[in-house]
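# Fold and geometry: a report
In case you want the letters, here they are:
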Amino acid sequence: MSLLKTIETGLRSLLGHRLRSVLTTLGILFGVAAVIATVGIGQASSDSVTARITSLGTNLLTITAGSSVSAGVFGGAGSANSLSMSDVQGLQDRQSAPDIAAVAPVSQGRATLVDGSTNWSTTVSGSTAGWLVTNTRTIGSGTFFNANDVATRTQVIVLGSTTAANLGASVGDIVLVRQIPFQVIGVLASAGSQGFGNQDDLAVVPFTTAQDELFGGGVQRILLSATSASTIGSAYLEANQILLQTHHISDPSQADFTITTQTQVLSTAQAVTQTLTILLASVAAISLLVGGIGVMNIMLVSVTERTSEIGLRKALGATPFDLFRQFVIEAGMLTALGGLLGVATGLAVGYIVPRAANIAVHITPLPVLVAVGVAVAVGLVFGVYPALRAARLAPIEALRAQ
Amino acid sequence: MPSSDELIHLESINKVYGTGEAAVAALRDFSLTVASGEFLAVMGPSGSGKSTLMNILGCLDTPTAGQYWFAGQDVSRLNETELAGVRNRRIGFVFQQFQLLPKLSAWRNVELPLLYRNVRDRRSLALQALEQVGLANRVDHRPSQLSGGQQQRVAIARALVTNPDLILADEPTGNLDTASSRDVLAVLQELNQQGRTIVIITHDPEVAPVAQRTVHMRDGRLVEQVAA
């Protein structure tokens, strides 16, 4: 029997049981759509994390208090209050740290800002003039505070563009932070929002002012900027050396601080989102498998129902291969159709969800092709057993079945 | 070895179903020859091995022992695919239950065997066959729109369409009333007069007079041969 005729016969038989074919197809449709949509969402969140981290600059190194090397006595990273302004000064030494371009200590907390009758809650960081360089940000209007402001504990504040807009504040205004007046001296240029989290919703005050007036405590983090992307390695070694020295630690494995580069952060974040994506996609893939079992079930029903037809076709000269191919093609058509409709549904989800639920979906060709390929493969694999049953039926027995 | 004018030559055919204690011999040392152009009726009570004979003759099953030459070819040891080829090219089947596919029109049913041999012009061949059985005006009817006699004639057209060496009919009149039976037998007789070999397996005594030769079976053996 020609392939074309086999396909036509298959179509006729599938159309003969419309409801059944549609329901079987649905199983595959949802599986494929789920794979495409979940991988798309995973991809989008991975993209946004990557973009957000790289936008901070690849020259950035972050020193956090506490050790990530668990020697039995250390708590979690950041729990130790081990960083201080003398560390910052040590790191600023050009002599021992020639590859470090800028240093900025950070102490951070959430606070409500009040400007007249409006108020806005945001993240307030205490830092030094190096903040701007290490975060690769620029000033939009006004100025950033300088070393003198830090030394004299001036009550000045620099706002992110979103924060300024929400407060209705501009350069020269007085803003209350925890009831303490700060003068707005600058507004940052927008860095754009990157997926979750808005980099324009923040405020920065001189480190000393924040320490004395707002949060107290010490240095939570120290941001370092290497002179270039190629000197990150040596900047890392220099920072490590200096801190071990100022902290009087001779065994590097006992270090009470951790230095992370952006590349490390990036690969960690990517690993996390990738794991999540794989997890979600596996769940979706299981539903595809279930759909495949549905196809097998319906093909077995079809073989049983058409036993006498199979017998007749055998008597008329259909070879076992003819019948095998007939049923495999029918199963393949069911899943191919389900796969194509699943792609359409997946793309529709990718179009609707970002607009309806503010969840980014980034659909790439590969998962679409893989999902359709898997769907068709599932159909062929799960079609094989029923098709073999059809091919192996003894013609006499089959003819007798009525 | 069979002589050249023999279409069918069965020699000491044995067919045993089951094994050991449960083994049942359906055919025992069964030998039969059918000449080309002959019209043979095989009669016998149920359980006499008629159906088994039909399956073997029709290459739907292979004998446990013995030799079967069909048109000079030993078909008793062919595999399933080879047997399918023999059935398709050389044998036309007519069944008691008609075995028409209900969703296909008359000519689509007649076309079926041609689909398994990649013939062009299937429609004109099918129409020709339907005309031969007197159903030229029913080609687009579905089986449900036809009477029993008409359905059986569609089945005969289907058996005929591949121009086979043998038409093998299994109780072709078993589901028909007297008038339709006569119709169907008349068609078969006409085909035989055109030179086609026909074997009818039946227990309908009406068939015997139409056939040139009638053989009787009992317990898997040939018991009597009657020339018409």
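Just so we're clear, the structure is a prediction, and the values are computed from it rather than from any experiment.

### A word on the overall build of chain A
- A tally of helices and strands in chain A yields 13 helices and 10 strands.
- Relative to the globule expectation of 21 Å for 402 residues, the C-alpha radius of gyration of chain A, 32 Å, shows a markedly less compact shape.
- Counting only residues that meet the buried cut, chain A has 44% of its 402 residues in that class.
- Relative to all contacts within chain A whose residues are 6 or more apart in sequence, the contacts with residues 24 or more apart total 82%.

### With respect to the overall build of chain B
- Scanning chain B from N- to C-terminus turns up six helices and 10 strands.
- For 228 residues, the compact-globule formula gives about 17 Å, and the C-alpha radius of gyration of chain B, at 17 Å, lands near that figure.
- Each of the three principal axes of chain B carries a C-alpha extent, and together these read 50 × 40 × 35 Å.
- When each of the 228 residues of chain B is scored for burial, the buried share is 47%.
- Sequence separation of 24 or more characterises 69% of the internal contacts of chain B that already satisfy a separation of 6 or more.

### A closer look at the environment of Pro63 of chain B
Residue and element names in this part refer to chain B.
- Examined against the element boundaries, Pro63 turns out to sit in the loop between helix H1 (50–57) and strand E4 (65–70).
- Between the C-alpha atom of Pro63 and that of Leu101, which follows or precedes it by 38 residues, the distance is 29 Å.
- If sequence neighbours within four positions are ignored, Pro63 has contacts with Ile13, Asn14, Lys15, Ile56, Tyr68 and Ser76.

### A few points about the nonpolar core
- If you look at the biggest cluster of nonpolar residues, it comprises 121 residues, and the most contacted ones within it are Val32, Val35 and Ile36 of chain A together with Ala157 and Val199 of chain B.
- A total of 12 residues in this core trace back to one element, the largest contributor, which is helix H2 (residues 18–55) of chain A.
- Beyond its immediate stretch of four places on either side in the chain, Val199 of chain B contacts Val34, Leu40, Val42, Leu57, Leu166 and Leu168 of chain B.
- By size, the runner-up hydrophobic cluster in this structure holds 53 residues, among which are Phe145, Val156, Val219 and Ala226 of chain A.

### Details of the domain arrangement of chain A
- The domain architecture assigned to chain A consists of domain 1 (3–51 + 269–400) and domain 2 (83–246).
- The straight-line distance from the C-alpha centre of domain 1 of chain A to that of domain 2 of chain A is 55 Å.

### A word on the confidence of the model for chain A
- With 94% of its residues at a pLDDT of 70 or more, chain A has an overall mean of 84.
- Contacts from residues 73–79 of chain A, a stretch scored under 50 in pLDDT, to residues over four places away or in other chains number 14 contacts.

### A short note on the interface of chain B and chain A
- If you look at the interface, chain B gives 21 residues, while chain A gives 19 residues.
- Mapped by element, the contributors of at least two residues to the side of chain B that touches chain A are helix H2 (80–90) and helix H3 (106–115) of chain B.
- When its residues are assigned to classes, the side of chain B that touches chain A shows nine nonpolar, seven polar and five charged.

### Observations concerning the packing of helix H1 (residues 3–16) of chain A against helix H11 (residues 320–357) of chain A
Residues and elements named next belong to chain A.
- Contact geometry of H1 with H11 gives a least axis separation of 9 Å together with a crossing angle of 60 degrees. With respect to each other, H1 and H11 are oriented oblique. Here H1 and H11 pass one another in a crossing that is right-handed. Residue-level contacts link Thr6, Ile7, Thr9, Gly10, Ser13 and Leu14 of H1 to Arg325, Gln326, Ile329, Glu330, Met333 and Leu334 of H11.
- Here the contact of H1 with H11 is composed, by residue class, of five nonpolar, five polar and two charged.

### Here's the deal with the environment of Thr162 of chain B
Residues and elements named next belong to chain B.
- Here Thr162 lies in the loop between helix H5 (148–160) and strand E7 (166–170).
- Accessibility expressed as a C-beta count within 10 Å gives 23 for Thr162, which makes it buried.
- With residues near it in sequence (within four places) discarded, Thr162 still touches Asn88, Arg89, Gly92, Pro113 and Leu114.

### Remarks on the sheet that holds strand E1 (residues 6–17) of chain B
Residue and element names in this part refer to chain B.
- The four strands are arranged E2-E1-E4-E5 in an open sheet whose pairing can be described as antiparallel. Because the sheet does not close on itself, it has two edges, and the strands there are strand E2 (24–35) and strand E5 (73–74).
- As judged from the five bridges shared by E1 and E4, these two strands associate in the antiparallel manner. Across the sheet, the residue bridging to Glu11 is Gln67, located in E4.

### Details of H1 of chain B
- Within H1 of chain B, seven of the eight residues are buried, which leaves it mostly tucked inside the rest of the structure.
- The set of residues buried in H1 of chain B consists of Lys50, Thr52, Leu53, Met54, Asn55, Ile56 and Leu57 of chain B.

### Quick word on the pairing of E1 of chain B
- Pairing analysis gives eight bridges linking E1 of chain B to E2 of chain B, with the strands arranged antiparallel. Paired with Ile8 of chain B across the strands is Val34 of chain B, a residue of E2 of chain B.

### Let's talk about helix H7 (residues 207–214) of chain A
Residue and element names in this part refer to chain A.
- Taken together, the buried positions of H7 are occupied by Phe207, Thr209 and Ala210. Viewed end-on, H7 has its buried residues packed into an arc of 160 degrees, placing them on one side of the element.
- Buried positions along H7 lie against strand E2 (100–115), strand E3 (118–127), helix H5 (147–151) and strand E8 (202–206).
- At the exit of H7 stands Gly216, carrying a positive phi of roughly 65 degrees.

Thresholds applied
- Residues numbered from 1 in each chain as written.
- Chains lettered and ligands numbered in written order.
- Predicted model: local features only at pLDDT ≥ 70, side-chain atom pairs only at ≥ 80, totals over all residues.
- Helix = DSSP H or I, 4+ residues; strand = E, 2+ residues; numbered from the N terminus.
- Rg over C-alpha atoms; globule rule 2.2 N^0.38 Å.
- Buried ≥ 20, exposed ≤ 12 C-beta atoms within 10 Å, placed from the backbone.
- Contact = placed C-beta atoms within 7 Å.
- Core = buried A, V, L, I, M, F, W, Y, C linked by C-beta atoms within 7 Å.
- Domains from an automatic or database assignment.
- pLDDT = per-residue confidence, 0-100.
- Nonpolar A, V, L, I, M, F, W, Y, C, P; charged D, E, K, R; others polar.
- Axes fitted to C-alpha atoms, helices over the stretch in contact; angles between N-to-C directions.
- Parallel < 35°, antiparallel > 145°, perpendicular 65-115°, else oblique.
- Left-handed = near helix turned anticlockwise from the far one by under 90°.
- Pairing = 2+ DSSP bridges.
- Arc of directions from axis to C-beta.

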